[in-house]
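# Understanding the architecture of this molecule
The lines below spell out each chain.
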Amino acid sequence: RLVNAKNMVDAAYKNHFAIGHFNINNLEWAKAILTVAQKTNTPVILATSEGAIKYMGGVNVVVGMVNGLLEDMNITVPVALHLDHGQSIEMAKKCILAGYSSVMFDGSHLPWKENYEQTKELVKFAKDHEVSVEAEIGTIGGEEDGVVGNGELGDPQQAKEMVDLGIDFLAAGIGNIHGIYPSNWESLSFETLNKIQDKTHFPMVLHGGSGIPQEQIEKAILMGISKLNINTELQLAFQQATRNYIMEGKDEDRKAKGYDPRKLLRPGTEALERETEHLITWFGSKGKA
Ligand code: G3H
Ligand code: ZN
């Protein structure tokens, strides 16, 4: 059974590690991440952007697939199903009613007052359903599934006001970027992270977790990052392994039925498993179920 993400993220905050939030696209993604979580006794968050929900067919497909996997794979570690970058509170409410256990309302494209008011309304609704809520201040640079940001740094006063609304974890622009980091990118803004922590002492979320050097990840976790969002890193791992399979001509092997999608997607899926295990080891959440 899905659990909301509050307890796992709170425990991570207290004990200086971070829960992996992994964006899923399909059955292979969900299965690979759950396989690793169960094998390593690790709490985990499966997340879908609005784009991924659309790709998979809709919220009921996602909820049905994930719940089915939890049951048929005998998953006993804590798993949350989370809406990533919900663009409207209507979408967040729709996910909650369909069975999501956690939602993000990303009102960072709105004027601050509206972001605040809409987050407030969603918190009330989510609390009634025991669903955890993530809010965002500032913006994340780059682009993810049509969500674009200019990388504006989060404001500590706004952070405090969001926290006081009763949200469960907070995403803030701290120099992080979605997708592949440009080669001239240097560092997260630890100064911003520090100022926000000083004011809130509250679990925070690092978006754009792919491609940040390990030392910066570790430092950010020690400074209050308790949920780490990963999308691109797994996509790249899947792409590379699939590319190798095809470059080696294995898909052309008719005798071995290398064209069978279950075989064609296998190396990519195994790469997802390896990469997930590698990341939860970094984040310190491995074995913390
Ligand atoms: O919301 C999801 C994350 O922020 C993913 O970012 O693709 O850079 O890992 P990423
Ligand atoms: Zn994000």
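What counts and what doesn't
Residues numbered from 1 in each chain as written. Chains lettered and ligands numbered in written order. Predicted model: local features only at pLDDT ≥ 70, side-chain atom pairs only at ≥ 80, totals over all residues. Helix = DSSP H or I, 4+ residues; strand = E, 2+ residues; numbered from the N terminus. Rg over C-alpha atoms; globule rule 2.2 N^0.38 Å. Buried ≥ 20, exposed ≤ 12 C-beta atoms within 10 Å, placed from the backbone. Contact = placed C-beta atoms within 7 Å. UniProt positions renumbered as here; feature names shortened; annotations may be inferred.

### A few points about the overall build of the protein
For the protein, the helix and strand inventory stands at twelve helices and ten strands. Computed over its C-alpha atoms, the radius of gyration of the protein comes to 18 Å, within 12% of the 19 Å expected for a compact globule of 289 residues. Taken along its principal axes, the extent of the C-alpha atoms in the protein is 65 × 45 × 35 Å. Taking all 289 residues of the protein together, 47% fall into the buried category. Of the contacts formed within the protein by residues at least 6 apart in sequence, a portion of 70% connects residues at least 24 apart.

### Digging into the UniProt feature "binding site: dihydroxyacetone phosphate" (unreviewed entry) in the protein
Mapped onto this structure's residue numbering, the UniProt feature "binding site: dihydroxyacetone phosphate" (unreviewed entry) falls at Gly179, Gly208, Gly209, Ser210, Asn229, Ile230, Asn231 and Thr232. Spanning 54 residues, the named residues form one tight spatial group whose C-alpha atoms are at most 11.2 Å apart. The topology assignment puts Asn229 in strand 10 (residues 225-230). Beyond its immediate chain neighbours, meaning those up to four positions away, Asn229 contacts His21, Val205, Leu206, His207 and Gly209. With respect to the helices and strands, the residue Asn231 is situated in the loop between strand 10 and helix 10 (232-247). In this structure Asn231 comes out as buried when scored by C-beta crowding, with 24 C-beta atoms within 10 Å.

### Structural notes on the UniProt feature "binding site: Zn(2+) 2" (unreviewed entry) in the protein
When the UniProt feature table is mapped onto this chain, "binding site: Zn(2+) 2" (unreviewed entry) is found at Asp106 and Glu136. Taken together, the annotated residues stretch across 31 residues yet fold into one region, lying no more than 5.5 Å apart by C-alpha. Take Asp106: there are 26 C-beta atoms within 10 Å of it, and that puts it in the buried class. Note that Glu136 resides in strand 5 (residues 132-137). Glu136 gets classed as buried once you count the C-beta atoms within 10 Å, which come to 26. Not counting chain neighbours up to four residues away, the residues in contact with Glu136 comprise Asp106, Gly107, Ser108 and Ala171.

### With respect to unusual backbone geometry
When glycine is set aside, most residues are seen to have a negative phi, and most peptide bonds are trans. We note that His85 has phi near 50°; this positive angle belongs to a residue other than glycine. Here His85 is to be found in strand 3 (residues 79-86). Here the phi dihedral of His201 falls at roughly 45°; this positive angle occurs in a residue that is not glycine. For His201, a count of 10 C-beta atoms within 10 Å corresponds to the exposed category.

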